[in-house]
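Analysis of the macromolecular model
Residue strings, one per chain:
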Amino acid sequence: MKKKSIKINLNNPNHTFIIAEAGSNWKVGNYHKDLKQAKKLIDTAKKCDADAIKFQTYSSKGVYVSNAGKSNYLSKFGVNKKITELFDEFSMPHKMIKQLNSYCKSKKIIFMSTAFSIDDAQAVDEYVLIHKVASYEINHIPLLKFLAKTKKPIILSTGASTLEEIDFAIKTIKKTGNTNLALLQCTAKYPAPIESLNLSVIPSLKKKFHITLGLSDHSIDPIVAPLVAIGLGASIIEKHFTLNKNLEGPDHFFALEPKELATMIKAIRNADKAKGNFIKEIVKEEKELRKFATRSIQAIKNIQKGEKLKIGYNIDILRPGIQPRGAEARFLNKINGKISLKKIKSGTGVKLSDCR
């Protein structure tokens, strides 16, 4: 039986697609403990109302040269292992991918995992509905081509990238016929200072590439960047999270804890509601007070039939309150100086049909 495909909309203006990035924060000990921790992360992401949870699939062999050494950046945060050792330590076993995908299905949350090599991509492809490309893989041409040929949606992070590099990656993917592509503005710094986020580039990238835009946010604040990004046209938000910032590992210290993740997602969902339908109109919540408090043309004394209507003498532009509304104030010139066709009580609205 053919599997039913699930359509995913990454560009829904009424529902921001939120990716809770687990990164390597599932790694706590042996396989059993790691799996249990990963499931806790999935439970948390679901409880917080994320659309997807994302892990990473890699090994040092497919990423770094063997003598890549240590990262000065990570050393500042107490991570003093060689980068290849670190990657091997936090490499997710391929057999865990299937288990996590099944668990995500049972919890009704989308499973994602960023692949860092073609071997890794082959391992995750059967289990993911969306492929995610990390910022530092934007020039990994064989990987881009492989992912593109799956015909699945691709989300491409753009941290530490130039416009030329982004353009090349997009064209590489589109040459395969896969146009289901989204870009994430990203600052490849962990954590990223607020002033480094350059969120104003979001509408610029959208205009230049005519493509879905989002934000991969590495700042610590759970609210500022996501909401500003949404206001600038982002329809995808990705954010790292952890169960506890104090756990050992390279991705914990800059990640959101569960309460912060919940706060962020609640704010995003409310922002989605606040965006409305892009049409300026009188909404139902305004109608009562509009009728009561918006000025219209009202009689300010009893007006007799045949009486000349004159602004400031027997009519004026006032808020009607509970009295019947008259013509909109913008029609004053069509009423002022005309003759009343009927008796009009003081306070009552004067309509265009009441005069000639």
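Scroll up to find the structure this text is about.
Residues numbered from 1 in each chain as written. Predicted model: local features only at pLDDT ≥ 70, side-chain atom pairs only at ≥ 80, totals over all residues. Heavy atoms only, no water.

Scanning the protein for helices and strands turns up 12 helices and 10 strands. Each principal axis of the C-alpha distribution contributes one length, and for the protein these read about 100 × 50 × 45 Å. Looking at the 356 residues of the protein, the share that counts as buried comes to 45%. On the protein, roughly 19000 Å² of surface is accessible, and the fraction owed to carbon and sulfur atoms is 53%. Of the side-chain charges in the protein, 61 are positive and 33 negative, and the distance between the mean point of each set is 10 Å. (Helix = DSSP H or I, 4+ residues; strand = E, 2+ residues; numbered from the N terminus. Buried < 20%, exposed > 50% of the residue type's maximum accessible area, 1.4 Å probe, protein only. Areas by Shrake-Rupley, 256 points an atom, 1.4 Å probe, with all protein chains shown as cover. Lys, Arg positive; Asp, Glu negative; His and termini not counted. Charge placed at Lys NZ, Arg CZ, Asp CG, Glu CD.)

The subject of this paragraph is the pattern of salt bridges. Under the criterion given, the structure shown has 16 salt bridges. The partner of Arg269 in a salt bridge is Asp49, with the nearest N and O atoms 3.2 Å apart. Of this pair, Arg269 sits in helix H10 (residues 258–275) while Asp49 sits in the loop between helix H1 (31–47) and strand S2 (52–57), placing them 220 residues apart in sequence. With a relative accessible area of 11%, Arg269 lands in the buried category. When its relative accessible area of 40% is taken as the criterion, Asp49 is described as partly exposed. Here Glu328 ties to Arg325 by a salt bridge, and the two come within 3.3 Å at their closest N and O atoms. The exposure class assigned to Glu328 is partly exposed, which follows from its relative accessible area of 21%. Residues participating in the shared-partner salt-bridge network are Asp49, Asp51, Arg269, Asp272 and Lys275. (Salt bridge = Lys/Arg side-chain N within 4 Å of Asp/Glu carboxyl O.)

Mapping Asp251 onto the fold places it in the loop between strand S8 (236–240) and H10. Buried and without a salt bridge, Asp251 has Lys54 as its closest oppositely charged side chain, separated by 8.5 Å. Of the polar contacts made by the side chain of Asp251, one reaches the side chain of Ser24; its length is 2.9 Å. Setting aside residues up to four positions removed in sequence, Asp251 forms contacts with Gly23, Ser24, Asn25 and His240. (Polar contact = N/O pair within 3.5 Å; in protein donor to acceptor, adjacent residues only side chain to side chain. Contact = heavy atoms within 4.5 Å.)

A few words on the side chain of Asp272. Within the fold, Asp272 resides in helix H10. Asp272 sits in the buried class, given a relative accessible area of 5%.

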